Amino acid sequence: MKTKAPPPITHLAGRAALPLIEAYFEFNHLKQLYRQGWLRVGVPPERCESVGEHSLGVALLCLFLAESWFPEADAFKTVRIALLHDLGEARVGDITPHDGVSPGQKHVLERKAVEQILGKLPRGAEYLALWDEYEQGSSFEARLVRQVDRLEMGLQACVYEHQGMGDLSQFFASAQKVLETPQLQALFAELQALRPPTPGRGSAEPGA
């Protein structure tokens, strides 16, 4: 698992610290953890986003979408889920489908990590329940965040394509598979139309 630096929590080994400080040193590693999929397709480390950057993008998109596009959603709950959804990666890393880890095993590893990180906090059980809700897709807000998580990946792929990182069609295809709402499908079609021309693919068209 490629990172910018070792997990900051190692610096607190054997030292007493407030639970909030310990939790910060845990999730701070998301800023140092590369999104491994981009590295795999050749995005150089100095240009590769971190999991923390991705999570911020998801949270902001969820705020804007929940408040303006999905009035039936609880915007506060949606953003809370978005902020928590990648937390387990602070301990287990950014596991991708290419790592040979089954979805069930990945869930077990990440849930244990989230439980350990949030267990330090007074409202940890409440936050863990929101993370579980995301994993299970058991609410409209959770399902919205799951879609926006992939939508953000598609948006980042579009940015990388414009920055000369090559044809990233595989990431667009992965994102498109999970977009269920007409609003997000329409938004994604607009994004597809903004992709730069690529040899062998030609100009991007909506739904291409």
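Residues numbered from 1 in each chain as written. Predicted model: local features only at pLDDT ≥ 70, side-chain atom pairs only at ≥ 80, totals over all residues. Heavy atoms only, no water.

(A) Quick look at the packing of aromatic side chains. Considering all chains together, one arrives at 6 aromatic pairs under this definition. Ring geometry for W38 versus F171: centroids 4.3 Å apart, planes at 35°, classification tilted. With W38 in helix 2 (residues 36-40) and F171 in helix 9 (residues 169-178), the pair connects residues that are 133 residues apart, well separated along the chain. Note on accessibility: W38 and F171 belong to one class, buried. Considering the side-chain rings of F172 and F188, the 6.2 Å spacing of their centres and the 50° angle between planes classify their relative orientation as tilted. Pair noted here: F172 is in helix 9 and F188 is in helix 10 (residues 182-193), with a separation of 16 residues, a long-range link. The exposure class of F172 is buried, given its relative accessible area of 1%. A relative accessible area of 2% places F188 in the buried class. A network of ring pairs unites the aromatic residues Y24, F25 and F27 as a single cluster. Sitting over the face of the ring of Y134, R146 holds its NZ or CZ atom 5.7 Å from the ring centroid. Taking NZ or CZ as reference, R195 lies 3.8 Å from the ring centre of F172, over its face. (Phe/Tyr/Trp six-rings, centres within 6.5 Å; stacked < 30°, edge-to-face > 60°. Helix = DSSP H or I, 4+ residues; strand = E, 2+ residues; numbered from the N terminus. Buried < 20%, exposed > 50% of the residue type's maximum accessible area, 1.4 Å probe, protein only. Lys NZ or Arg CZ within 6 Å of the ring centre and 35° of its normal.)

(B) Up close: the pattern of salt bridges. A complete count under the given rule lists 11 salt bridges for this structure. The salt bridge involving R195 is made with D167; its shortest N-O contact spans 3.3 Å. Within this pair, whereas R195 is found in the segment after helix 10, its partner D167 is found in the loop between helix 8 (140-162) and helix 9, the two being separated by 28 residues in sequence. Residue R195 is classed as buried on the basis of its relative accessible area, which comes to 6%. (Salt bridge = Lys/Arg side-chain N within 4 Å of Asp/Glu carboxyl O.)

(C) Region of the structure containing a nonpolar patch on the surface. Where nonpolar side chains cluster on the molecular surface, the patch consists of L56, L60, L63 and F64 and spans about 360 Å² of accessible area. On the basis of relative accessibility, which here comes to 38%, the residue L60 falls in the partly exposed class. (Patch = residues over 30% accessible without salt bridge, like charges linked within 9 Å, V, L, I, M, F, W, Y side chains within 5 Å. Areas by Shrake-Rupley, 256 points an atom, 1.4 Å probe, with all protein chains shown as cover.)

(D) Structural detail: the packing of helix 3 (residues 51-68) against helix 8. At a minimum axis separation of 9 Å, helix 3 and helix 8 run at an interaxial angle of 120°. In terms of orientation, helix 3 and helix 8 fall into the oblique class. Relative to helix 8, helix 3 is oriented so that their crossing is right-handed. Here H54, G57, V58, L61, C62 and L65 of helix 3 come into contact with helix 8, specifically with V145, V148, D149, L151, E152 and L155. (Axes fitted to C-alpha atoms, helices over the stretch in contact; angles between N-to-C directions. Parallel < 35°, antiparallel > 145°, perpendicular 65-115°, else oblique. Left-handed = near helix turned anticlockwise from the far one by under 90°. Contact = heavy atoms within 4.5 Å.)

(E) Representation of the nonpolar core. Core analysis: the biggest nonpolar cluster contains 48 residues, and W38, L87, L118, V145, V148, L184 and F188 have the highest contact counts within it. Here this core takes 9 residues from helix 8, the largest share from any one element. Discounting chain neighbours no more than four positions away, the residues touching V148 are V58, L61, C62, L65 and L184. (Core = buried A, V, L, I, M, F, W, Y, C linked by side-chain atoms within 4.5 Å.)

(F) Inspection of the environment of Q32 at higher detail. In this structure, Q32 sits in the loop between helix 1 (19-27) and helix 2. For the pair Q32 and S50, spaced 18 residues apart in sequence, the C-alpha separation works out to 6.2 Å. If near-sequence neighbours (up to four positions away) are discounted, Q32 is found in contact with T3, K4, A5, P6 and P8. Reaching out from Q32, the side chain makes a polar contact with the backbone oxygen of P6 at a distance of 3.1 Å. (Polar contact = N/O pair within 3.5 Å; in protein donor to acceptor, adjacent residues only side chain to side chain.)

(G) Inspection of the UniProt feature "domain: HD" (unreviewed entry) in the chain at higher detail. Those residues carrying the UniProt feature "domain: HD" (unreviewed entry) are residues 51-154 in this numbering. Regarding residues 51-154, the helix share stands at 73% and the strand share at 0%, and the terminal C-alpha atoms are separated by 15 Å. (UniProt positions renumbered as here; feature names shortened; annotations may be inferred.)

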